Amino acid sequence: MNQTSCTYIKAPSSHNIVFREGRVTETRTGPLGCSNYDNLDSVSSVLVQSPENKVQLQGLQVILPDYLREGFVKAALSYIACNGEGEFVCRDNDCWCHCDPKFPECNCPYLDIQAMEKSLERITETWGILYKEFEESDEFKAFYSRLPQNYFLNVSGIQHLWALDNLFQWRYEQLENSMQVLSSRAQRVIFKLFSLSKRCQRQPQVHLPRERSQSYWLSHIQSLLYCSENNQLGAFSEELHSCSCRYEHSPCQLPPPCSVGEGSACAACAPDNHTRCGSCNPGFALTQGACRSMVADSTENYLGFETDLQDLELGYLLQRADRRLEVFFF
């Protein structure tokens with residue numbers, strides 16, 4: 001008998017090789033497999049099953065009468081594909097087991113499903129390890145240590161400095177490539193998991209970590225800069241200029257430095273206190289650590305009145321009533 005193609009089957013197989021009168025005969029129960037049969041004089045095998053669940057019978061079934069062959073094939077498939085717990089049926093290019101009432105879950109391959117779920121668990125663990133290795137890498141630490149501490153960095157500013165750091169970009173591209181491979185593997189496992197579970201009473205629950213894009217890392221770096229006090233890490237809101245800390249009783253916010261830029265932003269932070277302006281852009285005056293316009297935009301923001309009170313006394317009373325008021329005397 002010539003060598004047969006490789007096949008896969010769940011049923012266990014056994015084989016015996018017998019030497020009689022110079023002839024070598026191998027008897028198998030199960031698939032023929034991928035062995036080389038050129039040195040055998042004969043092979044006797046009960047069943048061979050292909051991945052498409054099409055049956056090629058070798059040996060015993062050849063001597064069966066025609067009227068028994070179809071029943072033999074059905075019985076053999078039901079025994080092997082359904083573990084004797086149901087009848088194997090195919091319809092519309094789909095095959096499954098019509099379960100015996102005693103085995104309502106005969107279509108649910110628990111061992112295979114558990115193997116897929118374990119594979120997803122390992123992928124999830126690797127997912128977290130890749131992110132941790134990136135954050136603990138020398139390139140990440142070097143980039144973070146070079147970030148300026150003497151003025152406030154918004155997300156755009158951090159992104160600009162990121163684009164100038166070739167080593168840090170290379171390390172991030174490594175992370176992205178690894179995550180693409182891992183994500184593709186996870187999708188294949190999930191597809192197979194749901195294919196195996198399509199006739200199970202309980203459907204699998206899949207929970208994968210959320211992929212971290214560049215925008216996540218930009219916000220994370222900003223949080224490391226301004227929300228990492230008291231050995232805890234919070235989430236920084238650029239809009240509110242404040243941190244959301246994990247524990248209310250233990251603040252995590254560091255005093256953010258002043259914002260340097262054009263217009264009303266600071267030209268530079270104060271050298272002795274980075275949270276306050278040290279100098280202002282043209283057209284703005286430094287007042288109580290902040291830059292304010294030297295020319296009023298509108299007279300609606302000012303109150304004018306005449307009184308017999310002295311200027312200093314009036315200013316004191318007004319600011320005592322509302323600390324937000326600024327009093328100018330002309």
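Per an unreviewed UniProt entry, the protein chain goes by BMP/retinoic acid-inducible neural-specific protein 3-like and derives from Notothenia coriiceps.

Caption draft 1: Highlighting the overall build of the protein chain. The helix and strand tally for the protein chain stands at seven helices and 13 strands. In the protein chain, which comprises 330 residues, the share counted as buried stands at 30%. Long-range pairs, those at least 24 residues apart, make up 42% of the contacts in the protein chain with a sequence separation of at least 6. Surface exposure of the protein chain reaches about 22,800 Å², of which carbon and sulfur atoms provide 50%.

Caption draft 2: Fine view of helix α2 (residues 110-135). The end-to-end C-alpha distance of α2, which contains 26 residues, comes to 38 Å, matching closely the 38 Å that a straight helix rising 1.5 Å per residue would cover. Of the positions making up α2, those classed as buried are Ile113, Met116, Ser119, Leu120, Ile123, Trp127, Leu130, Tyr131 and Phe134. Those residues of α2 hidden inside the fold are in contact with α3 (138-145), α5 (166-197) and α6 (214-226).

Caption draft 3: Region of interest: the packing of aromatic side chains. A full pass over the atoms with the stated rule returns 15 aromatic pairs. For the pair Phe140 and Phe168, a centre-to-centre distance of 5.8 Å together with 65° between the ring planes defines the contact as edge-to-face. With a gap of 28 residues between them, Phe140 in helix α3 and Phe168 in helix α5 connect regions that are remote in the sequence. Accessibility expressed as a relative area gives 5% for Phe140, which makes it buried. Site record: aromatic cluster; members linked through ring pairs are Tyr131, Phe134, Phe140, Phe143, Trp162, Phe168, Tyr172, Tyr216 and Trp217.

Caption draft 4: Molecular detail of the nonpolar core. Counting 36 residues, the largest nonpolar core has Trp162, Leu175 and Trp217 as the members making the most contacts within it. Elements supplying a minimum of two residues to this core: α2, α3, α4 (155-164), α5 and α6. Per element, the largest residue contribution to this core is nine residues, and it comes from α5. When sequence neighbours within four positions are dropped, the list of residues in contact with Trp217 reads Tyr131, Phe134, Glu135, Phe140, Trp162, Tyr172, Leu175 and Arg212.

Caption draft 5: Local environment of unusual backbone geometry. Its identity is not glycine, yet Asn231 carries a phi of approximately 55°, on the positive side. With respect to the helices and strands, Asn231 occurs in the loop between α6 and β8 (235-237). We note that Gln288 has phi near 50°; this positive angle belongs to a residue other than glycine. If you trace the backbone, Gln288 turns up in the loop between β12 (284-287) and β13 (290-293).

Caption draft 6: How the structure looks around the pattern of salt bridges. In the structure shown here, the tally under the stated rule is one salt bridge. When the shortest N-O distance is used, the salt bridge between Arg146 and Asp165 registers 2.4 Å. With Arg146 in the loop between α3 and α4 and Asp165 in the loop between α4 and α5, this residue pair connects regions lying 19 residues apart in the sequence. Here Arg146 falls in the exposed class, since its relative accessible area comes to 54%.

Caption draft 7: Molecular detail of the packing of α3 against α5. The interhelical angle for the contact between α3 and α5, taken along N-to-C directions, is 140°, at an axis separation of 9 Å. Between α3 and α5, the angle is such that the two are oblique. As α3 runs across α5, the sense of the crossing is left-handed. Between α3 and α5, the residues in contact are Glu139, Phe140 and Phe143 and Leu167, Phe168, Trp170 and Arg171, respectively.

Caption draft 8: How the structure looks around the pairing of strand β6 (residues 86-91). Both β6 and strand β7 (residues 94-99) contribute to a ladder of six bridges, which runs antiparallel. Looking at β7, one finds that Glu87 is bridged to His98. Counting the residues that bridge the hairpin from β6 to β7 gives two residues, and of these Asp92 lies at a positive phi of roughly 55°.

Caption draft 9: Quick peek at the pairing of strand β10 (residues 266-270). Sheet topology places β10 next to strand β11 (residues 273-280); four bridges connect them, and they run antiparallel. Bridge pairing in β11 places Ala270 opposite Asn273. Linking two consecutive strands that pair antiparallel, namely β10 and β11, is a turn of two residues.

Caption draft 10: Broad picture of α4. Listing the buried residues of α4 in full gives Gly157, Ile158 and Trp162. Down the axis, α4 shows its buried residues gathered within 145° of arc, on one side only. When the buried face of α4 is taken as reference, the exposed residues oriented beyond 90 degrees from it are Ser156 and Leu164. Here the buried face of α4 lies against α3, α5 and α6.

Caption draft 11: Geometry of the confidence of the model for the protein chain. Averaged over the protein chain, the pLDDT score is 77; the fraction of residues at 70 or greater is 70%. Confidence scores differ between elements of the protein chain, with strand β1 (residues 14-20) showing the lowest mean pLDDT of 41 and α3 the highest of 97. Of the regions scoring below 50 in pLDDT, residues 1-57 engages in 106 contacts with residues more than four places distant in sequence or in other chains.

Caption draft 12: Structural detail: the state of the cysteines. Inspection of every chain in the model, using the stated rule, returns seven disulfides. The disulfide partner of Cys227 is Cys243, and the gap between their sulfur atoms is 1.9 Å. The sign of the S-S torsion, about -85°, decides the handedness of the disulfide formed by Cys227 and Cys243: left-handed. Placement of Cys227 in the loop between α6 and β8 and of Cys243 in strand β9 (residues 242-244) is noted, with a sequence separation of 16 residues between them. Just as Cys227 is buried, Cys243 falls in that class too. Covalent S-S linkage joins Cys280 and Cys291, the inter-sulfur distance amounting to 2.0 Å. The disulfide joining Cys280 to Cys291 has a torsion of about -95° about its S-S bond and is therefore left-handed. Here Cys280, found in strand β11, pairs with Cys291, found in strand β13; they are 11 residues apart in sequence, far enough to count as distant. The pair Cys280 / Cys291 is uniform in exposure class, with both members buried.

Each value, and the rule that gives it
- Residues numbered from 1 in each chain as written.
- Predicted model: local features only at pLDDT ≥ 70, side-chain atom pairs only at ≥ 80, totals over all residues.
- Heavy atoms only, no water.
- Helix = DSSP H or I, 4+ residues; strand = E, 2+ residues; numbered from the N terminus.
- Buried < 20%, exposed > 50% of the residue type's maximum accessible area, 1.4 Å probe, protein only.
- Contact = heavy atoms within 4.5 Å.
- Areas by Shrake-Rupley, 256 points an atom, 1.4 Å probe, with all protein chains shown as cover.
- Expected span 1.5 Å × (residues − 1).
- Phe/Tyr/Trp six-rings, centres within 6.5 Å; stacked < 30°, edge-to-face > 60°.
- Core = buried A, V, L, I, M, F, W, Y, C linked by side-chain atoms within 4.5 Å.
- Salt bridge = Lys/Arg side-chain N within 4 Å of Asp/Glu carboxyl O.
- Axes fitted to C-alpha atoms, helices over the stretch in contact; angles between N-to-C directions.
- Parallel < 35°, antiparallel > 145°, perpendicular 65-115°, else oblique.
- Left-handed = near helix turned anticlockwise from the far one by under 90°.
- Pairing = 2+ DSSP bridges.
- Arc of directions from axis to C-beta.
- pLDDT = per-residue confidence, 0-100.
- Disulfide = S-S within 2.5 Å.

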